[in-house]
Amino acid sequence: MEIRPYLRKVQFYETDGMGIVHHANYIYWMEEARTDLMDQLGWGYDKAVEAGIDFALTEVNCKYRSMTTFGETVAIAVTVTRLTPARVDLHYDITSTADGTLRAEGESRHFFYDRAQKAPVALKKALPEVYERLAAMLGHPEERKDNGKA
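This is a predicted model, so every value here is computed, not measured.

Caption draft 1: Seen up close, the overall build of the protein chain. A count of helical and extended segments in the protein chain gives four helices and six strands. The linear arrangement of helices and strands in the protein chain, starting from the amino end, is β-α-α-β-β-β-β-β-α-α. For the protein chain, the C-alpha radius of gyration of 16 Å lies close to 15 Å, the compact-globule estimate for 150 residues. Taken along the three principal axes of its C-alpha coordinates, the protein chain extends 50 × 35 × 25 Å. In the protein chain, which comprises 150 residues, the share counted as buried stands at 42%. Here the contacts in the protein chain between residues at least 6 apart in sequence split such that 65% fall between residues at least 24 apart. With an accessible surface of roughly 8400 Å², the protein chain has 52% of that area assigned to carbon and sulfur atoms. Between the centroid of the 19 positive side chains of the protein chain and the centroid of its 23 negative side chains there is a distance of 5 Å.

Caption draft 2: Spotlight on the packing of aromatic side chains. Using the criterion set out here, one finds six aromatic pairs in the structure. With a centroid separation of 5.1 Å and 80° between ring planes, the pair formed by Phe55 and Phe112 is classed as edge-to-face. In this pair, Phe55 is assigned in strand β2 (residues 53–64) and Phe112 in strand β5 (residues 102–114), connecting sequence segments 57 residues apart. Here Phe55 falls in the buried class, since its relative accessible area comes to 12%. Overall, the relative accessible area of 0% leaves Phe112 in the buried class. Linked through ring pairs, Tyr26, Trp29 and Tyr64 together constitute an aromatic cluster.

Caption draft 3: Representation of the confidence of the model for the protein chain in the model. In this model, the protein chain carries an average pLDDT of 92, and 92% of its residues clear a pLDDT of 70 or more. Predicted confidence for residues 140–150 stays below pLDDT 50, and this span has 18 contacts to residues more than four positions away or in other chains.

Thresholds applied
Residues numbered from 1 in each chain as written. Predicted model: local features only at pLDDT ≥ 70, side-chain atom pairs only at ≥ 80, totals over all residues. Heavy atoms only, no water. Helix = DSSP H or I, 4+ residues; strand = E, 2+ residues; numbered from the N terminus. Rg over C-alpha atoms; globule rule 2.2 N^0.38 Å. Buried < 20%, exposed > 50% of the residue type's maximum accessible area, 1.4 Å probe, protein only. Contact = heavy atoms within 4.5 Å. Areas by Shrake-Rupley, 256 points an atom, 1.4 Å probe, with all protein chains shown as cover. Lys, Arg positive; Asp, Glu negative; His and termini not counted. Charge placed at Lys NZ, Arg CZ, Asp CG, Glu CD. Phe/Tyr/Trp six-rings, centres within 6.5 Å; stacked < 30°, edge-to-face > 60°. pLDDT = per-residue confidence, 0-100.

What follows is the structure, given as structure tokens:
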């Protein structure tokens, strides 16, 4: 399955007095792209919430590479960089759709949390179909960082 980058047009309210995107907005955009990724995988966050499973955020970071300005459209490509039964790490490349310039890159780390049990859960057991869809994004099995441990 091919995953399309999430497209986002910069709104005026997201910029500062110079018309440049405020740094905090990149974190919001990464969340939007993550939600879009789950929709593209056929398992939106709404379904995960209904199933009682959260993708709890434990860490997020962003490296700013060049300025993004009002009216610009960016493409946010999300890749799975690490997956274990209990955790997933994602990478984001935010680029200008006009010329492909890298605007920012980021990472987020998540663990899978069972709301009913109020405890971490192995996604591989709780929602195996979602786990397999995420695992498919890692590429070939020898490239995966899943060692079978949580």
